[in-house]
Amino acid sequence: MYDLTADAPPLRRIADIRAEALAAIRAAASPAELDAVRRRVLGRSGVLPALRRRLGSLPVEGRRTVGAAPHEAQQSITTELDARQRDLLDSEPALPRPLDVTVPGLPAGSGGLHPVTQLTDDLNDAFAALNFDLYQGPEISSERYEFDHLNFPAEHPARESMDTFWLTGTDDRHGAQRLCLRPHLTGASVRYMREHEPPFRFVYPGRVYRNENTDARHERAFFQYEVLLVDRDVPLATSKFLVDTILDTVFGHPVQTRMRAGFFPFVEPGFEIDMRCQVCAGRGCRTCRQVGWLEVMPGGSPHPNVLRAAGVDPDRWTGCYLNVGLDRLVMMRYGIDDVRLMHSADLRFLNQFA
Amino acid sequence: MRISLDWLSDLVDLPEVEPSRLAHDLTLATVEVEDVVTVDGDVILDIDNKSLTNRPDLWGHYGIARELAAIYQLPLRPLPSAPRPPLVADGSGAAGSGAAAARGLVGGVDPALCRRFAALRFRVDTSVPTPRLIRERLARIGEASVNLCVDLSNYVMFTVGQPTHVYDADRLALPLSAGYTPTATSFDLLNGQSVDLPAGVPVITDATGVAALAGVVGGAATAVGPASREFVLEAATFRAQPIRRATQRLGLRTEASARFEKGLDTQRVDAAVDLFLSLLREAAPDASVTALQDVTLQPTAPALITVDRDFLDRRIGQRLDDDELYRVLDGLGFDVAVDGTTLRVAAPTWRSTGDVSLPHDLVEEVGRIHGYDRLIAVRPTIALTPVRRLNRRPLDRAVREQLATRAGLREVLTYPWVADHLLAATGFDKERLTRFQGAPAPDRDALRPSLIPNLLDAVVTNLRYHPSFGIFEVGTVFGGRDAVPPRHGTAGRRRQPDDDEVLPPTALALGIALVGDDGVDLFRRAKGIVEMLRRHCHLIDLPDTDPASDVDLSDTGRASGGPACAGGGDPAWADRSARLAIRVGATRVGTLALVTPRARRLTGIDGVQVACAEIELTRLAAHRSRENRFVPLPDLPEADFDLSVVVADTVAWQTVEATARQADALVAAVRYVDEYRGASVPDGHRSLTLRVTLRPRHATLTADVIAAARGRVLDALGRQVRAYLR
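Residues numbered from 1 in each chain as written. Chains lettered and ligands numbered in written order. Predicted model: local features only at pLDDT ≥ 70, side-chain atom pairs only at ≥ 80, totals over all residues.

## Here's the deal with the environment of Cys180 of chain A
Residues and elements named next belong to chain A.
Stage number 1. Relative to the assigned elements, Cys180 resides in strand E4 (residues 179-181).
Stage number 2. When the 25 C-beta atoms within 10 Å are taken as the criterion, Cys180 is described as buried.
Stage number 3. Residues Cys180 and Ile140 lie 40 residues apart in sequence; the distance between their C-alpha atoms is 5.6 Å.
Stage number 4. Setting aside residues no more than four positions away along its own chain, Cys180 makes contact with Ser141, Glu143, Glu146, Thr164, Phe165, Trp166 and Leu167. (Helix = DSSP H or I, 4+ residues; strand = E, 2+ residues; numbered from the N terminus. Buried ≥ 20, exposed ≤ 12 C-beta atoms within 10 Å, placed from the backbone. Contact = placed C-beta atoms within 7 Å.)

## Points about the nonpolar core
All names here are of chain B.
Stage number 1. If you look at the biggest cluster of nonpolar residues, it comprises 267 residues, and the most contacted ones within it are Phe231, Val232, Phe276, Ile512, Ala513, Ala526 and Cys612.
Stage number 2. In terms of residue count, the dominant contributor to this core is helix H8 (residues 268-283) (10 residues).
Stage number 3. Excluding its chain neighbours within four sequence positions, the residues that come into contact with Ala513 are Leu455, Leu456, Val459, Ile471, Val610 and Cys612. (Core = buried A, V, L, I, M, F, W, Y, C linked by C-beta atoms within 7 Å.)

## Notes on the sheet that holds strand E17 (residues 342-346) of chain B
Strands pair in a sheet through their backbones, by hydrogen bonds, and they do so in one of two ways: parallel or antiparallel.
Residues and elements named next belong to chain B.
Stage number 1. Ordered by their spatial adjacency, 3 strands build an open sheet running E15-E17-E16, and the pairing between neighbours is antiparallel. The strands lining the two open edges of the sheet, one partner per strand, are strand E15 (304-308) and strand E16 (335-339). Neighbour to neighbour, the strand axes of the sheet diverge by 20° on average, direction disregarded.
Stage number 2. As paired strands, E15 and E17 are joined by 5 bridges and run antiparallel to one another. Paired with Val307 across the bridge in E17 is Leu343.
Stage number 3. Most of the contacts of helix H9 (residues 309-316) go to E15, to which it runs at about 75°, and overall it touches E15 and E17. (Pairing = 2+ DSSP bridges. Axes fitted to C-alpha atoms, helices over the stretch in contact; angles between N-to-C directions.)

## What to know about the confidence of the model for chain B
All names here are of chain B.
Stage number 1. Per-residue confidence for chain B averages 88 on the pLDDT scale, and 90% of its residues sit at or above 70.
Stage number 2. Within chain B, the lowest mean pLDDT, 28, falls on helix H16 (residues 551-560), and the highest, 98, falls on strand E18 (residues 410-411).
Stage number 3. Taken as a whole, residues 482-493 scores under 50 in pLDDT and shows 21 contacts with residues more than four places along the chain or in a different chain.
Stage number 4. Below a pLDDT of 50 lies the segment residues 547-568, which in the model reaches 59 contacts outside its immediate sequence neighbourhood of four places, other chains included.
Stage number 5. Here the prediction assigns the complex a pTM of 0.80, and the interface score ipTM is 0.82. (pLDDT = per-residue confidence, 0-100.)

## Topic: the pairing of strand E3 (residues 42-47) of chain B
All names here are of chain B.
Stage number 1. Bridging between strand E1 (residues 2-4) and E3 involves 3 bridges; their strand directions are antiparallel. Across the sheet, Ser4 pairs through a bridge with Ile44, a residue of E3.
Stage number 2. Taken together, strand E2 (residues 33-39) and the strand that follows it, E3, pair antiparallel across an intervening segment of 2 residues, in which Asp40 is found at a positive phi of about 50°.

## Digging into the sheet that holds strand E6 (residues 165-168) of chain B
Residues and elements named next belong to chain B.
Stage number 1. Pairing within the open sheet is antiparallel, and its 4 strands lie in the order E6-E13-E5-E14. The open sheet terminates on both sides in strands that have one partner only, identified here as E6 and strand E14 (288-296). Within the sheet, the average angular offset between the axes of one strand and its neighbour, ignoring direction, is 20°.
Stage number 2. Where E6 lies against strand E13 (residues 230-238), 4 bridges are found, and the strand directions are antiparallel. Note on E13: the bridge partner recorded for Val166 is Leu233.

## Considerations on the interface of chain B and chain A
Stage number 1. Each side of the interface is counted separately: chain B has 79 residues, and chain A has 72 residues.
Stage number 2. Counting residues per element, the ones that place at least two in the side of chain B that touches chain A are helix H2 (19-29), helix H6 (240-250), H9, helix H11 (359-370), helix H12 (395-406), E18, helix H14 (452-463) and strand E21 (469-478) of chain B.
Stage number 3. The element best represented in the side of chain B that touches chain A is H11 of chain B, accounting for 6 residues.
Stage number 4. Residues belonging to the side of chain B that touches chain A are distributed by class as follows: 32 nonpolar, 25 polar and 22 charged. (Nonpolar A, V, L, I, M, F, W, Y, C, P; charged D, E, K, R; others polar.)

## Examining the packing of H2 of chain B against helix H3 (residues 61-72) of chain B
All names here are of chain B.
Stage number 1. Here H2 crosses H3 at 95°, and the two axes come no closer than 11 Å. Judged on the interaxial angle alone, H3 and H2 are roughly perpendicular. Contacts between H2 and H3 pair Asp25, Leu26 and Ala29 from the former with Glu67, Leu68 and Ile71 from the latter. (Parallel < 35°, antiparallel > 145°, perpendicular 65-115°, else oblique.)

## A closer look at the pairing of strand E5 (residues 114-123) of chain B
Residues and elements named next belong to chain B.
Stage number 1. Most of E5 sits inside the fold, with 9 of its 10 residues counted as buried.
Stage number 2. Where E5 meets E13, 9 bridges bridge the pair, whose relative direction is antiparallel. Looking at E13, one finds that Phe117 is bridged to Ala236.
Stage number 3. The pairing of E5 with E14 spans 8 bridges and is antiparallel. Paired with Arg116 across the bridge in E14 is Thr296.

And the structure:
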């Protein structure tokens, strides 16, 4: 309490008022408390103005003794009040009410790319870093490009077993006049080679079509990713490097593979690449039919007849094909159990892929 | 194909490894073993037939045994044989000295069908049982026992891969001839089935008619039965192509035809006959083999390959030891003569029917037996010549990414074929579209001329779970049957023209569908997305949207319905009250519209509005870098004011905006805020609220300057579009 009636000397009383006001200011815990201090000390009926009014009635000598002390006290109290006011405002919370921080975040937008597109883009980027060109062949092609140029002999069983969708009205023709939905991507490689000068290195992703019965593992329309490198000397084992590039891109870590003999008319020699099953880590499961390995990529060196069909001299050039079943890799990447979901356009499925 | 390890053990001493290891090694070097199962104490390898299509030598246990011998560096045992009977007449018709010589076993053989035809006549008591070992081995690979002669014939086929056929000689009118049916006829197969044979089918005939389908299956009339006593074994080398053609025509495939279709060598007939004789002698020592006639028209010649050693090393990627190289080739039956750095290689006849012919084939033989898995991965040497602008992403990718991230749409993929009811709902004439055979359903044999029909189907699918959403697809659309030369691929000089290939027109299209309650909102969002693409994909010649008010255009659009890809006239799915043409400069590349109530009803969309846009991406191109120029930031503050003016419905916003912009030199922008209909707005009118931004040039804007500009804007709107303040 301020002792206004006491006969204490004015200077001491001013010092007491100031000291107690500063203590009260420091103790104020909210702007409201601080405001109360301001009113009590500096308000119209506050202690300091009251003291100054009383000092006005002192004799001249007494006023001279007190001098500028009341004004200095008022100034320092005001400065301290402002500083404390700023501190209190700065430390106020942003929200006036409590917030439950565990409520879910608001959606930032539900857009997204199809998982097949995402993997295609990832692989395109990986091969762009290796300076591979990107090519798109036509989805409708001809027997010439899909079979003749690829060293399938006339009436080779593969022409049937491919179960190709032939276009109505062209199925009784041959070669360039017999048209189909492309059964594989390899025909596009011949188109590219006929358009460019070797050496080549390019990728050509896309959708291909086979007349098959569908189930959880088989589709009529599915995606492939093919790579072709043609140069003077391309040892067989170059493909292992390309395979590593692909699998590392897909899974983000090295994946164990095995390379084995395989036959396709458009390669000589041909091979198959199996990868360790990523579902069971090779211990054997339903996905890999208990063998621990999954066939993912056929490939090989372009057959000399394919190079000839592409206008490339097989005595000067050789190369390496690699063909990837994209759907299967997408399924392995996310653990998808039914390939038919890819074409379902079902947002419950698609919204799962960030 | 099923392979018995017990059977193999007759032919090669199998290494002492787990069957799974053996299967793994065989898979890596030769053929894919799909499964390993134990049957009655034997281990059966189930081999994927697809991995055998190019290897006629592997369609029997002996071929697999040869591979294992090469893989494990083990000796391969020769096949057993037995003395042959005296030969009778050869192909020239000269009589031999055998008992059956007078009648002859083999008559005419068509060289276009058959390279070699051998016939063996023998007599055996059919009550003699098939040896137990043979019966059990056949059973373990899934073959039922029939009788001694048939079982031995099958056993020979599953050992050496050479099919043979046994006839009841007493039911034959010898000799046997190989040729084609001259006219159509019907024929009873030995399994009881009857088939109609057209003319030109390869058959074996006796003097009375067809006795067997050559290389496929025998006939019922000459089949071996319990009463048979005298037999003829046919061991022939039919050419692959006639047999393949016949099986395709007749829809008949057998173990025998599967082998002939791969192309067998003539020398294998010897192995088959010798093994048969040996087995017969063992099973029935009393059997008498009376005659053999062997007509060889065109023996299989070994393929000769000359290859430089350096070629092998470069293609394999490392130099293998000479010893290993020669051991591998020798183990597989290749004869190698070394001449300096050149190898002169003669392939075995069982690999010389099309399988092996090039130096590249030798790379494969050596590489696979050495082990592809043992080759060291080689990084390709990359030339620094740029093959493409790596900083530029293809336009379709930029479009996809902007739609997915900036516009918040979800990418879907739909099939390239489209159902008839969706075509009808969206106004496409199926008769004019490209169609294909073997479609998933009879009403889905047309290739989509537009992405919209299947997108509407996707809308139906998702409406079950989501009341509002936005989806898009980037994919190929297919033109009609009016074929044009292909237009695809990356830019490049076509070194090798291929002018006679004519493909139907295709294009890459973008389709967007937005679904929700408010048609105006959906339409404006779709329009905003299209405009966003122009800016954020850096498109050349901006696909600005403007009103498709041209009546002729919309009429032709409705009439045609195809064959155009996206970008033709107004499509029938586009509602006339809310549609826009999308153009690149003067060229129309697509349509943006609300979907008509009719199209919604026919596709099964109920209770919501759908806004769709389709753009032909093939026609678009992006700037090689960036085209927009920096605009200096204003030094002086700008000022805005809003106006709400009443205008007739016949006056488009575009006109109002242009009028306001040109009203005063200070007007920098005119923005649409909203519109209102109701009290104080007469019928046929709406109240438009627009926000005008003034940009000062030399001096700060004062209240008087702003008021004067506002007056001029209002005056221009009043004079030019009869707008007045609400």
